[in-house]
Amino acid sequence: MRNDSNTMLECYYNSRMASYLVLHDKFGFGQKRIVNLEKAVDQYLDDYSRDVYERGYFEDQLAKRGIDVRAFVNKIPSRVKMMLTYGKSVPKKLTPHDVNIIRSSLYTFFAITMYALNKDMKVSVKKLNEIYSYWMLFNFECLAEKSRLSMYDIVLVIADECSYLDPRYEKVKVGE
């Protein structure tokens, strides 16, 4: 099994790329806004890891605004959560600890991302609940279906249309 930090990072990066696709397609985000969002989320994550924010802060702030992050993450089917984390190489056996790490990673990522989208990027709660959440779940379902959508497809679209390249794919030549 992977160690916890690799599991969390892979889940984070794949969720982030799927999020960028939704933000580009449905909200018109380009490279500049994607990078600004990424910087805001990374700063919140850094601050959170240094205990600047108490545990549950972002979820609580969103709940006060009418966004239930746990309900959103709980709508993501388990097979999708596994695919986001392990790609096509999902282990045959996962421990309850592995499943909890994946779920916690998704809670944290989406709580901080939606908080940053609302607070820093000025995306309304209504749009987050009705558009962002809907299309994230739709894209996750597409990713889970064989031959429908892959992370590589998402990376290529974001690279081509937004000039943003996921650092994990820097060696790939886009457009070939």
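For the structure, check the block above.
Residues numbered from 1 in each chain as written. Predicted model: local features only at pLDDT ≥ 70, side-chain atom pairs only at ≥ 80, totals over all residues. Heavy atoms only, no water.

### Let's talk about the side chain of Ser105
Right, so step 1: With respect to the helices and strands, Ser105 occurs in helix H6 (residues 96-119).
Right, so step 2: Residue Ser105 is classed as buried on the basis of its relative accessible area of 9%.
Right, so step 3: Apart from the residues lying within four places of it in its own chain, the contact partners of Ser105 are Met8 and Cys11. (Helix = DSSP H or I, 4+ residues; strand = E, 2+ residues; numbered from the N terminus. Buried < 20%, exposed > 50% of the residue type's maximum accessible area, 1.4 Å probe, protein only. Contact = heavy atoms within 4.5 Å.)

### Brief notes about a positive patch on the surface
Right, so step 1: Together, Lys64, Arg65, Lys119 and Lys122 make up a region of like positive charge exposed at the surface.
Right, so step 2: Exposure remark for Lys122: the relative accessible area of 65% places this residue in the exposed category. (Patch = residues over 30% accessible without salt bridge, like charges linked within 9 Å, V, L, I, M, F, W, Y side chains within 5 Å. Areas by Shrake-Rupley, 256 points an atom, 1.4 Å probe, with all protein chains shown as cover. Salt bridge = Lys/Arg side-chain N within 4 Å of Asp/Glu carboxyl O. Lys, Arg positive; Asp, Glu negative; His and termini not counted. Charge placed at Lys NZ, Arg CZ, Asp CG, Glu CD.)

### Thoughts on the packing of aromatic side chains
Right, so step 1: Tallying each qualifying case throughout the model produces 18 aromatic pairs.
Right, so step 2: A ring pair is formed by Tyr12 and Tyr13, whose centres lie 5.3 Å apart and whose planes are at 55°; its orientation type is tilted.
Right, so step 3: Under the relative-accessibility criterion, Tyr12 is labelled buried at 11%.
Right, so step 4: We classify Tyr13 as partly exposed; its relative accessible area is 24%.
Right, so step 5: An aromatic cluster of at least three residues, connected via ring pairs, comprises Tyr12, Tyr13, Phe72, Phe109, Phe110 and Phe140.
Right, so step 6: One Lys or Arg, Lys26, reaches over the ring of Trp135 and ends 3.9 Å from the middle of that ring.
Right, so step 7: Taking NZ or CZ as reference, Arg70 lies 4.0 Å from the ring centre of Tyr107, over its face. (Phe/Tyr/Trp six-rings, centres within 6.5 Å; stacked < 30°, edge-to-face > 60°. Lys NZ or Arg CZ within 6 Å of the ring centre and 35° of its normal.)

### Thoughts on the pattern of salt bridges
Right, so step 1: All chains considered together, the criterion is met by seven salt bridges.
Right, so step 2: Measuring nitrogen to oxygen at the nearest pair gives 3.1 Å for the salt bridge that ties Glu10 to Arg168. With Glu10 in helix H1 (residues 4-27) and Arg168 in the segment after helix H8 (151-162), this residue pair connects regions lying 158 residues apart in the sequence.
Right, so step 3: We classify Arg168 as partly exposed; its relative accessible area is 29%.
Right, so step 4: In this structure, Glu38 and Arg16 form a salt bridge, with 3.5 Å as the shortest nitrogen-oxygen distance.

### So, helix H2 (residues 31-49)
Right, so step 1: In a regular helix each residue adds 1.5 Å, so 19 residues correspond to 27 Å; H2 covers 26 Å between its end C-alpha atoms and thus fits that length.
Right, so step 2: Where H2 is concerned, the buried positions are Ile34, Leu37, Glu38, Ala40, Val41, Tyr44 and Asp47.
Right, so step 3: Just beyond H2, the residue with positive phi is Asp51, at close to 65°. (Expected span 1.5 Å × (residues − 1).)

### Describing the environment of Phe109
Right, so step 1: Among the secondary structure elements, Phe109 is positioned in helix H6.
Right, so step 2: The exposure class of Phe109 is buried, given its relative accessible area of 4%.
Right, so step 3: Here the alpha-carbon distance between Phe109 and Ser15, two residues 94 residues apart in the chain, equals 7.9 Å.
Right, so step 4: Excluding residues that lie within four positions of it along the chain, Phe109 makes contacts with Tyr12, Ser15, Arg16 and Ser19.

### As for the nonpolar core
Right, so step 1: Phe29, Leu37, Phe110, Leu117, Tyr132, Phe140 and Ile158 are the most contacted members of the largest nonpolar core, which totals 54 residues.
Right, so step 2: Listing elements by their share of this core, those giving two or more residues are H1, H2, helix H3 (57-65), helix H4 (69-74), helix H5 (78-86), H6, helix H7 (125-144) and H8.
Right, so step 3: Among the elements that make up this core, the one with the highest residue count is H6 (eleven residues).
Right, so step 4: The contacts of Phe29, once residues within four sequence positions are left out, are Leu23, His24, Ile34, Leu37, Leu117, Met121, Val123 and Cys162. (Core = buried A, V, L, I, M, F, W, Y, C linked by side-chain atoms within 4.5 Å.)

Read these as geometric descriptors, not functional statements.
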